[in-house]
Amino acid sequence: MAHATLTVDLAALAANWRALDARSPSSTETAAVIKADTYGLGTTKAAITFKTAGARSFFVAMTGEGVTARTALGPDVRIFVFAGHMNGDAQDLASANLIPVLNSRAQIARHIRDLPGHAYALQLDTGMNRLGLEAEDLNDLTLPDNTPELILSHLACSDEPDHPANPMQLANFRAMTARLPSAPRSLAATGGILLGPDYHFDLTRPGIGLYGGAPFTDATPVVRLDIPVIQIRDLAVGEGVGYGLSWVAQRPSRIATIPAGYADGLIRAMGNGSVQFYAEDIPCPLVGRVSMDLITVDVTALEAAPDNLSLLNASQGVDALATAAGTIGYEFLTSLGPRYNRVYKGA
């Protein structure tokens, strides 16, 4: 089966990092979140791009991701692990020189026992109720002897600038960090950066905005997806397409079949006209159901049969596709499958 091509614009990644870095003063460090295989785009090239642009601190979700990132990035950057110090992680944390973000009293005790003197960060729960130390945990808290590299928290509603949770969490963060040893602080991911300087503190850690996603509406598009056409057929009025024949031709139609589907992260809910493919700048609607490996597209409007059709591009970004599928850009981007031939440009 012919392979679709997922083109990642490394120059756009660098431009987005620089644009978000420019949103805060020079005294605030801008990191890069590269978890989930750098949001599905490939850790090595993307991470090196951010390092070349100026990033010196990176965040991953799990220790294994950190080991991969260390191999790509070399010894001269900091790599934080959001999940913290889990059972069995000590050897990898030490050998790859990773910084666990300690989320609980139990993790702190494990870190003191298994890796005394090793760098660490602390996460505070300021209202998201997901990970981190709560205010009562700070009473009689025993910390490692060394100062934390970073004290951080995460905003639950930063993509909604007027949400009352944002100033509430900001106030909680200030109050809780005042009870801890002096250390650099971090509260803002992409949305928090856009909320303004009150949320920036000493380090920001953009994620989805680096990759062209909301809420960073000024982002440069990063990803393009082009899918080859396997076959084109002509349909008469009244003929249907795909499983369930859920789309029926209302006019003589030309239908292109392309080799991608929900096994490749093109979510089934996108079917029947809610999404466009593009031949150059001409939109062609997806028709029928998305199946595991195949999608059908109405190319009747085209004068010539296309060799390829584009789904992700400057005309239709990841957030538009996510909305059509009833999800968010994060899920859509990180679901793009391993069968795509990943091509990197603009290194």
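Attention in this report is confined to the structure presented alongside it. (Residues numbered from 1 in each chain as written. Predicted model: local features only at pLDDT ≥ 70, side-chain atom pairs only at ≥ 80, totals over all residues. Heavy atoms only, no water.)

### Points about the overall build of the protein chain
Regarding its fold elements, the protein chain presents 10 helices and 20 strands. With the C-alpha coordinates aligned to their principal axes, the bounding extent of the protein chain is approximately 75 × 40 × 35 Å. Buried residues in the protein chain amount to 52% of all 347 residues. Of the contacts made within the protein chain by residues no fewer than 6 positions apart, 64% connect residues no fewer than 24 positions apart. Accessible area of the protein chain: about 15,100 Å², with a carbon and sulfur share of 50%. (Helix = DSSP H or I, 4+ residues; strand = E, 2+ residues; numbered from the N terminus. Buried < 20%, exposed > 50% of the residue type's maximum accessible area, 1.4 Å probe, protein only. Contact = heavy atoms within 4.5 Å. Areas by Shrake-Rupley, 256 points an atom, 1.4 Å probe, with all protein chains shown as cover.)

### What about the pairing of strand 16 (residues 276–279)?
When strand 16 meets strand 17 (residues 282–287), the two strands line up antiparallel, connected through four bridges. Paired with Tyr-278 across the strands is Pro-283, a residue of strand 17. Between strand 16 and the antiparallel strand that follows it, strand 17, lie two residues; Glu-280 among them carries a positive phi value of about 55°. (Pairing = 2+ DSSP bridges.)

### Here's the deal with the nonpolar core
Nonpolar side chains tend to gather and get buried jointly when the protein is soluble and globular. Ile-34, Phe-50 and Leu-266 are the most contacted members of the largest nonpolar core, which totals 98 residues. Ranked by residue count, the leading element in this core is helix 1 (residues 10–21), at six residues. Counting residues in each nonpolar core, the second largest holds six residues, with Trp-247, Ala-249, Ile-255 and Val-287 among its members. (Core = buried A, V, L, I, M, F, W, Y, C linked by side-chain atoms within 4.5 Å.)

### Brief notes about the environment of Ser-24
Among the secondary structure elements, Ser-24 is positioned in the loop between helix 1 and strand 2 (29–30). The sequence separation of Ser-24 and Asp-140 amounts to 116 residues, and the corresponding C-alpha distance is 35 Å.

### Things to note about the packing of helix 3 (residues 43–53) against helix 4 (residues 63–73)
Contact geometry of helix 3 with helix 4 gives a least axis separation of 9 Å together with a crossing angle of 60°. Viewed along their axes, helix 3 and helix 4 adopt a mutual orientation that is oblique. Crossing geometry of helix 3 relative to helix 4 is assigned as right-handed. Where helix 3 approaches helix 4, its residues Thr-43, Thr-44, Ala-47, Ile-48 and Lys-51 are matched on the opposing element by Thr-68, Ala-69, Ala-72 and Leu-73. Here the residues of the contact of helix 3 with helix 4 sort into five nonpolar, three polar and one charged. (Axes fitted to C-alpha atoms, helices over the stretch in contact; angles between N-to-C directions. Parallel < 35°, antiparallel > 145°, perpendicular 65-115°, else oblique. Left-handed = near helix turned anticlockwise from the far one by under 90°. Nonpolar A, V, L, I, M, F, W, Y, C, P; charged D, E, K, R; others polar.)

### A closer look at the packing of aromatic side chains
Applying the stated rule across the entire model yields six aromatic pairs. With centroids separated by 5.9 Å and ring planes inclined at 80°, the aromatic side chains of Phe-50 and Tyr-211 adopt a geometry described as edge-to-face. Of the two residues, Phe-50 is situated in helix 3 and Tyr-211 in the loop between strand 10 (203–204) and strand 11 (223–228); the sequence distance between them amounts to 161 residues. One exposure class covers both Phe-50 and Tyr-211, and it is buried. An angle of 20° between the planes, with centres 5.1 Å apart, marks the rings of Phe-59 and Phe-82 as stacked. One end of the pair, Phe-59, is in strand 4 (residues 57–60); the other, Phe-82, is in the loop between strand 5 (78–81) and helix 5 (90–95), with 23 residues separating them in the sequence. Judged by relative accessible area, Phe-59 falls into the buried class, the value being 0%. (Phe/Tyr/Trp six-rings, centres within 6.5 Å; stacked < 30°, edge-to-face > 60°.)

### So, the packing of helix 1 against helix 3
Axis separation between helix 1 and helix 3 bottoms out at 9 Å; the angle between their running directions is 45°. Classified by the interaxial angle, the pair formed by helix 1 and helix 3 is oblique. At the point where helix 1 passes helix 3, the crossing takes the right-handed sense. The segment helix 1 lies against helix 3, with Leu-10, Leu-13, Ala-14, Trp-17 and Arg-18 engaging Lys-45, Ala-46, Thr-49, Phe-50 and Ala-53. Its residues assigned to classes, the contact of helix 1 with helix 3 shows seven nonpolar, one polar and two charged.

### What to know about unusual backbone geometry
For the bond running from Ala-214 to Pro-215, omega is 10°, close enough to zero to count as cis. Note that Pro-215 resides in the loop between strand 10 and strand 11. Non-glycine residue Phe-201 carries a positive phi angle of around 50°. Looking at where Phe-201 falls in the secondary structure, it is placed in the loop between helix 8 (190–195) and strand 10. You can call Phe-201 buried: its relative accessible area is 14%. Positive phi outside glycine occurs at Glu-280, with the angle close to 55°. Its location among the elements puts Glu-280 in the loop between strand 16 and strand 17. A residue is classified by how much of its surface remains accessible, and Glu-280, at 76% relative accessible area, is exposed.

Structural measurements only, silent on function.
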